[in-house]
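One-letter residues, chain by chain:
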Amino acid sequence: MAVKYYTYPGDFRLENGGVIQGLTIAYHTFGKRRPDRNQVIWVCHALTANSDVADWWPCTVERGKFLDPTKYFTVCANIVGSHYGTTGPLSVNPETGTPYYESFPFITVRDMIRAHMLLAEFLGISHVRALIGSSIGGFQAMEWAIMEPDFMDKLVLIATSAKSQPWTIALNESQRMALEVDPTYGENDPEAGKGGMRIARSIGLLSYRGNTAYNLTQQENENPYKLTGFRAGTYQQYQGDKLCRRFNAYSYYRLTQAFDSHNVGRFRGGIEKALGMIRARTRIIGITSDIILPVSEQIFLYRHIPDAELFLINSDFGHDGFLIEHEKLNSLLKPFIDSKEENKRS
């Protein structure tokens, strides 16, 4: 499916006080739109993903899967500050006529949701059957369910949390430190900071996968006497180079800051009170080996979102398990999304 674009004609005011003029939002849709309001599913994507769900979430936008395009109309919007079409650091600042680069304003998850709301209004979507988010996508989905509790019948939160904890913030700060020591970071160049981002990605990947996944997939089975050139080292370099080919350092910096700022209880009387505002039928899914957003975070959600359900997926692949364990995920989500129950909480 081809990417589409919507440009908001007014000033988009950010939670931190900044303003983006002429906000452009990139988005994808899958399936055929029907008049039935209970046929729409909205997916919120993770940190460096894009709006093309079929591209980054294998075996989901297929017949017989929970995002079945023959049954549902699925929407996914690229988040503000990203590299994939929505206004971000490489976009032209209308005030200067040149790209923002490092001057791109600080953004929060709530800013991302307000942009999603603008797109939903433009598309004429006032209600969805299900809102789905994993990782920072789960941050978004949670915020939306609090800001507009009647917008969705069902809420799916995967490998996510109500608030960024010191552990995740520290990991993100280490990645930003890697960006900052790159002597090119800060230059007005789309290639600036790529060396630092290569290192940052290798740091982040350790937390996304964890020791079990590495020990399972990167063993030196072919040569037990090897002294240098280990597979694990080559894998880190490959993954760093791979991100550098498809992303930019300024977006990476701002999105990790947005990740850190996540706290559903901010200005709402605390986290527990905020989660209590959710009225959608909620299914929470955790990954047993996740070390960046561990199962304890999903248990907290389960205890404080009214009438929520909690399921755990056993996986060796850590946080990235939500991208890999698609069969297990489908077995948990397809019956939930297909069920005819609607949000009937008062």
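In what follows, the structure referred to is the one given above.
Predicted, not measured: the structure shown is a model, and the values here were computed from it.

Enquirer: It is not clear to me how helix H4 (residues 166–180) should be interpreted in this structure. Could you clarify?
Expert: One turn of an α-helix holds 3.6 residues; hence residues three or four places apart share an orientation. The first and last C-alpha atoms of H4 sit 20 Å apart over 15 residues, in line with the 21 Å expected at 1.5 Å per residue. Packing partners of the buried residues in H4 comprise helix H5 (194–217) and helix H7 (249–261).

Enquirer: When you look at helix H2 (residues 109–123) in this model, what are you seeing that I'm missing?
Expert: In this model, H2 (15 residues) spans 21 Å end to end at C-alpha, consistent with the 21 Å of a helix rising 1.5 Å per residue. Across the 15 residues that make up H2, a large majority, twelve, are buried. Among the residues of H2, Val109, Arg110, Asp111, Met112, Ile113, Ala115, His116, Met117, Leu118, Leu119, Ala120 and Leu123 are the ones counted as buried. Once H2 ends, the next one or two residues include Gly124, with phi positive near 75°.

Enquirer: I'm lost on the pairing of strand E12 (residues 309–313) in this one. Help?
Expert: With five bridges connecting them, strand E11 (residues 281–287) and E12 associate as parallel partners. Looking at E12, one finds that Ile287 is bridged to Ile313. Viewed along the sheet, the connection from E11 through helix H9 (residues 295–304) into E12 turns out right-handed.

Enquirer: It is not clear to me how the pattern of salt bridges should be interpreted in this structure. Could you clarify?
Expert: What the rule picks out here adds up to 15 salt bridges. Here Asp338 and Lys334 are joined by a salt bridge, their closest N and O atoms 2.7 Å apart. In this pair, Asp338 and Lys334 are both assigned in helix H11 (residues 326–338), four residues apart and thus about one turn of the helix distant. By relative accessible area, Asp338 is classed as partly exposed at 22%. The exposure class of Lys334 is partly exposed, given its relative accessible area of 23%. The network of salt bridges with shared partners includes Glu15, Arg110, Glu143, Arg266 and Arg268.

Enquirer: I tried to follow the sheet that holds strand E1 (residues 4–7) on my own but got confused; where do I start?
Expert: In a beta sheet, neighbouring strands are held together by backbone hydrogen bonds and run either parallel or antiparallel to one another. One open sheet accounts for eight strands, arranged E1-E4-E6-E5-E9-E10-E11-E12; its pairing is mixed. Bordering the open sheet on either side are E1 and E12, each of which pairs with just one other strand. Mean inter-strand twist for the sheet, computed between neighbouring axes without regard to direction, equals 20°. Two elements, strand E4 (residues 24–30) and strand E6 (residues 73–77), share four bridges in a ladder whose sense is antiparallel. Bridging from a neighbouring strand, His28 pairs with Cys76 of E6. Helix-sheet contacts for H9 involve strand E10 (152–158), E11 and E12, and the interaxial angle to E11 is about 165°.

Enquirer: Would you mind going over the packing of H2 against helix H3 (residues 136–147) with me for this structure?
Expert: To characterise two packed helices, one gives the angle between the axes of the helices and the distance between these axes. Close contact between H2 and H3 brings their axes to 9 Å; oriented N to C, the two are set at 65°. As judged from the angle between their axes, H2 and H3 are roughly perpendicular. For the crossing formed where H2 meets H3, the hand is right-handed. Contact residues: Val109, Arg110, Met112, Ile113, Arg114, His116, Met117 and Ala120 in H2; Ile136, Phe139, Gln140, Glu143, Trp144 and Met147 in H3. Of the residues in the contact of H2 with H3, the class split is nine nonpolar, two polar and three charged.

Rules used throughout
- Residues numbered from 1 in each chain as written.
- Predicted model: local features only at pLDDT ≥ 70, side-chain atom pairs only at ≥ 80, totals over all residues.
- Heavy atoms only, no water.
- Helix = DSSP H or I, 4+ residues; strand = E, 2+ residues; numbered from the N terminus.
- Expected span 1.5 Å × (residues − 1).
- Contact = heavy atoms within 4.5 Å.
- Buried < 20%, exposed > 50% of the residue type's maximum accessible area, 1.4 Å probe, protein only.
- Pairing = 2+ DSSP bridges.
- Right-handed = clockwise from strand over helix to strand, strands pointing away.
- Salt bridge = Lys/Arg side-chain N within 4 Å of Asp/Glu carboxyl O.
- Axes fitted to C-alpha atoms, helices over the stretch in contact; angles between N-to-C directions.
- Parallel < 35°, antiparallel > 145°, perpendicular 65-115°, else oblique.
- Left-handed = near helix turned anticlockwise from the far one by under 90°.
- Nonpolar A, V, L, I, M, F, W, Y, C, P; charged D, E, K, R; others polar.

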